[in-house]
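Observations on the model geometry
The primary structure of each chain is shown beneath.
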Amino acid sequence: MRKKRLDLEYPLAARATDVLWMLLSTDHGLERWLADQVIEENGVLSLTWGNIYAEHHTLYANIVERVRNSHIRLRWVDEEDPEAFWEMRIIRSELTEELCLQVVDYAPSEDIEDLHELWDGNMERLHQSSGF
């Protein structure tokens, strides 16, 4: 099934990319805002939400591309759409010169609004955990 692309851009209070990059590209950084537990092993991220010793949900994503201080692109291991991926990219706004997080993700058309809300919530946790 073909999925619809969702493009989002979030302004950040970060001045430099180094700390932001660690939050986007490392298992420890992603645990601060994206999932309750993140483990990277052999180019695969294991993302768990919930208590790993009780009720939880785990998904696995292959790291397709990771360019330091720029972007990380991932693809769910069980993804059926050959064009679907999710990406977090650090960009500088042409208008304000501020750093922004550009997110690309894919979902079925009927789930796009929920996916947008999910990323809004993720960004709220990123702001709370880092001040960005």
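One can find the structure itself at the top, above this paragraph.
Because the structure is a prediction, the values reported are computed rather than measured. (Residues numbered from 1 in each chain as written. Predicted model: local features only at pLDDT ≥ 70, side-chain atom pairs only at ≥ 80, totals over all residues. Heavy atoms only, no water.)

This part is about the sheet that holds strand β1 (residues 4-11). A sheet is described by the order of its strands in space; here 7 strands give the open sequence β1-β7-β6-β5-β4-β3-β2, paired in antiparallel fashion. In this open sheet, the two edge strands, each paired with only one partner strand, are β1 and β2 (37-41). Shown here is a sheet whose adjacent strand axes are inclined to one another by a mean of 25 degrees, direction ignored. Judged from the 7 bridges that link them, strand β3 (residues 44-50) and strand β4 (residues 56-67) form a sheet pairing that is antiparallel. Paired with Gly50 across the two strands is His56, which belongs to β4. On the sheet, helix α1 (residues 17-25) packs against β2, β4, β5 (71-76), β6 (86-92) and β7 (99-107) and is oriented at approximately 175 degrees with respect to β6. (Pairing = 2+ DSSP bridges. Helix = DSSP H or I, 4+ residues; strand = E, 2+ residues; numbered from the N terminus. Axes fitted to C-alpha atoms, helices over the stretch in contact; angles between N-to-C directions. Contact = heavy atoms within 4.5 Å.)

Counting residues in each nonpolar core, the largest one holds 33 residues, and the members touching the most others are Trp33, Leu47, Leu74, Trp86, Met88, Leu101 and Trp119. Mapped onto this core, the elements with two or more residues apiece are β1, α1, β3, β4, β5, β6, β7 and α3 (112-130). At 5 residues, the largest contribution of residues to this core is made by α3. Ignoring any residue separated from it by four or fewer positions in sequence, one finds Leu47 in contact with Leu34, Ala35, Gln37, Val38, His57, Thr58, Leu59, Ala61, Trp76 and Trp86. (Core = buried A, V, L, I, M, F, W, Y, C linked by side-chain atoms within 4.5 Å. Buried < 20%, exposed > 50% of the residue type's maximum accessible area, 1.4 Å probe, protein only.)

Residue position: Glu79 is located in the loop between β5 and β6. Residue classification places Glu79 among the buried residues on the basis of a relative accessible area of 13%. Within the structure, the side chain of Glu79 is placed 3.0 Å from the side chain of Lys3, a separation counted as a polar contact. Among the polar contacts made by the side chain of Glu79, one reaches the main-chain amide nitrogen of Asp81 at a distance of 3.0 Å. Residue contacts for Glu79: discarding those within four places in its chain leaves Lys3 and Ala84. (Polar contact = N/O pair within 3.5 Å; in protein donor to acceptor, adjacent residues only side chain to side chain.)

Attention now moves to the packing of aromatic side chains. What the rule picks out here adds up to 3 aromatic pairs. Ring geometry for Trp76 against Trp86: centres 5.0 Å apart, planes inclined by 25 degrees, an arrangement best described as stacked. Taken together, the positions of Trp76 in strand β5 and Trp86 in strand β6 put the pair 10 residues apart, joining distant regions of the chain. You can call Trp76 partly exposed: its relative accessible area is 21%. Look at Trp86 and you get buried, because its relative accessible area is 3%. Measuring from centroid to centroid gives 6.2 Å for Trp86 and Trp119, while their planes differ by 50 degrees, and the two rings are tilted. Taken together, the residues span a long stretch of sequence, with Trp86 in strand β6 and Trp119 in helix α3 at a distance of 33 residues. Among the aromatic residues, those joined into a ring-pair cluster are Trp76, Trp86 and Trp119. (Phe/Tyr/Trp six-rings, centres within 6.5 Å; stacked < 30°, edge-to-face > 60°.)

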